[in-house]
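Single-letter residue listing:
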Amino acid sequence: MGTIRLYDSSVRVEEDSVRVSFKIHIDREGAAWFSGILLTPALTGGKVGTPEAKIVALPDIMVQGKNKYKATERGIRLLGEKGRMDFQRPEKTIRVVKDTETQVDYNYAVPYETWMDSAGLSLYEEIINFRNERQLLVLSIGDKVELPATETAPATETAPRTDVASQVKVAPPAESVQTPAEPVAVHHKRILEGEAFIEFPVGRTEIHPELFHNSEELANLRQVLSSIQNSPNITIESLIINSFSSVEGSYDKNERLSYGRSMALKNYIMDNFSLTLSPSQWSVSWEAEDWDGLAKLVEKSNINGKDEILHIISTVPIFGGREAQLMRLKGGAPYRIMLRDMFPQLRRVQYRIEYTVKE
């Protein structure tokens with residue numbers, strides 16, 4: 001197995017955008033013949049494991065070995081005409097050629113948000129074997145956003161004042177004619193927010209419409225998108241997806257699941273709706289464990305040990321035994337109630353649609 005090296009990385013603010021750029025060097029054996037590597041850069045902000053954590057995924061790059069590339073292309077050909085049209089390829093696919101080294105220049109901008117002032121650059125590396133089994137690695141590149149320097153305008157000489165009125169010949173007043181003004185189209189920005197409580201099989205990220213109440217949740221989402229899509233006066237400006245996982249189990253596994261479920265909803269929307277959105281109009285983020293959401297559910301409940309639960313959530317670090325203390329509290333009875341009644345409510349996907357209406 002060879003190496004894939006990232007270098008010359010930069011994250012900087014440019015006007016109303018944050019631009020991410022770097023170079024990738026793939027050596028002669030950057031990916032095994034039978035495997036692929038999906039690289040997803042992401043802007044990350046806030047402390048991992050807290051409600052303030054922010055992640056925005058950027059367009060991905062697929063690096064494939066010879067056999068994996070052929071198998072993927074063969075599978076796409078078997079999808080049929082409609083399937084091929086709907087199939088969403090990665091932003092860039094690189095086929096590793098034997099005894100050939102490859103360099104890729106990555107350059108992409110996303111709309112600026114205030115939290116990005118202190119954001120860093122991470123790289124999600126998903127290794128896909130010949131069985132399509134996946135292993136996710138998260139690499140912190142360490143780059144921080146470069147803010148533009150404040151410039152002071154150079155002093156300029158003041159031009160002599162010109163009396164414009166003395167240089168203009170005033171024509172005699174003409175008869176006033178009132179011309180009716182032509183109607184001007186006015187564009188109003190609107191924001192639509194919603195949640196989809198989509199159930200996933202344990203440890204999986206695929207959307208199954210037939211599972212539990214998924215058909216109802218997806219029907220609501222289809223109704224929203226169809227009503228916007230079918231209106232000639234509405235233009236979608238951006239579509240934002242953010243997913244959450246419940247708090248039980250391994251943090252790393254929950255993060256992988258949350259990421260995969262965000263991408264699953266994005267792919268579902270792209271596969272089922274003819275939205276003409278560029279990559280920059282999509283924003284996909286995820287949170288590994290929704291402790292803030294759990295605290296809100298506990299606060300509204302009458303669960304036994306409520307105050308102790310909230311105290312543990314607010315004072316014990318995630319990686320310092322928070323879940324273990326909840327499991328031991330009062331013999332584990334409150335934890336079992338949360339596991340049954342509250343944790344399922346944390347596994348959800350939020351979406352936000354920003355659009356303009358021409359009136």
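Residues numbered from 1 in each chain as written. Predicted model: local features only at pLDDT ≥ 70, side-chain atom pairs only at ≥ 80, totals over all residues. Heavy atoms only, no water.

> Got a sec to walk through the pairing of strand β3 (residues 36–45)? Specific residues and values, please.
Burial runs high along β3: 9 of the 10 residues are buried. Relative to strand β5 (residues 61–64), β3 runs antiparallel, the two sharing 4 bridges. Bridged to Leu-39 within β5 is Ile-61. As defined by bridge partners, β3 adjoins strand β8 (residues 120–128) across 9 bridges and the pair is classed as antiparallel. Directly across from Ala-42, in β8, lies its bridge partner Ser-122. Where β3 meets strand β4 (residues 54–57), 4 bridges bridge the pair, whose relative direction is antiparallel. For Gly-45, the partnering residue across the bridge sits in β4 and is Lys-54. (Buried < 20%, exposed > 50% of the residue type's maximum accessible area, 1.4 Å probe, protein only. Helix = DSSP H or I, 4+ residues; strand = E, 2+ residues; numbered from the N terminus. Pairing = 2+ DSSP bridges.)

> Break down the layout of surface pockets for me, with residues and values.
Empty space among the atoms becomes apparent when a probe as large as a water molecule is rolled across them. Its boundaries defined by the atoms lining it, the second largest pocket holds a volume of some 990 Å³. Put simply, the parts of the chain that give the lining of the second largest pocket at least two residues each are β4, β7 (102–111), β10 (187–196), β11 (234–244), β12 (282–287), α6 (291–300), α9 (333–346) and β13 (348–358). Considered class by class, the residues forming the lining of the second largest pocket number 17 nonpolar, 10 polar and 13 charged. (1 Å grid on protein atoms, 1.4 Å probe; cavity = no way out; pocket = protein on both sides within 12 Å on 5 of 7 lines; lining within 4 Å. Points joined across faces, edges and corners; volume = space filled by probe spheres on them. Nonpolar A, V, L, I, M, F, W, Y, C, P; charged D, E, K, R; others polar.)

> Please provide a residue-by-residue account of the confidence of the model for the chain, values included.
When pLDDT is low, close inspection of the predicted coordinates is not appropriate. Considering every residue of the chain, the mean pLDDT works out to 75; 68% of them sit at 70 or more. For residues 150–187, every residue scores under 50 in pLDDT, and the model assigns this stretch 9 contacts once sequence neighbours within four places are set aside. (pLDDT = per-residue confidence, 0-100. Contact = heavy atoms within 4.5 Å.)

> Tell me about the side chain of Thr-356, and please be specific about residues and values.
Considering the arrangement of structural elements, one finds Thr-356 in strand β13. Classification of Thr-356 by relative accessible area gives buried; the value is 15%. Here Glu-237 takes part through its side chain, which lies 3.1 Å from a polar atom of the side chain of Thr-356. (Polar contact = N/O pair within 3.5 Å; in protein donor to acceptor, adjacent residues only side chain to side chain.)

> Kindly report on the packing of α6 against α9, identifying the contributing residues and their values.
Remark: α6 packs on α9, axes separated minimally by 10 Å, with the N-to-C direction vectors making an angle of 130°. Taken together, the axis directions place α6 and α9 in an arrangement best described as oblique. Note on packing geometry: the crossing formed by α6 with α9 is right-handed. Along its contact with α6, which presents Gly-293, Leu-294, Leu-297 and Val-298, the element α9 presents Met-338, Met-342, Phe-343, Gln-345 and Leu-346. Looking at the contact of α6 with α9, its residues break down into 7 nonpolar, 2 polar and no charged. (Axes fitted to C-alpha atoms, helices over the stretch in contact; angles between N-to-C directions. Parallel < 35°, antiparallel > 145°, perpendicular 65-115°, else oblique. Left-handed = near helix turned anticlockwise from the far one by under 90°.)

> So what's going on with α6? Residues and values would help.
Every buried residue belonging to α6 is among Trp-291, Gly-293, Leu-294, Ala-295, Leu-297 and Val-298, and all of these are buried. As for α6, its buried residues are in contact with α7 (306–315), α8 (322–328) and α9.

> I'd love a proper account of the packing of aromatic side chains, names of residues and values included.
Counted under the stated rule, the structure contains 4 aromatic pairs. Between the aromatic rings of Tyr-335 and Phe-343, the centroid separation amounts to 5.6 Å while the plane-to-plane angle is 85°, which identifies the pairing as edge-to-face. Of the two residues examined, Tyr-335 and Phe-343, each falls in the buried class. Over the ring of Trp-291 we find Arg-322, and its NZ or CZ is 4.7 Å from the ring centre. Positioned over the ring face of Phe-244 is Arg-348, at 4.0 Å from the centre of the ring. (Phe/Tyr/Trp six-rings, centres within 6.5 Å; stacked < 30°, edge-to-face > 60°. Lys NZ or Arg CZ within 6 Å of the ring centre and 35° of its normal.)

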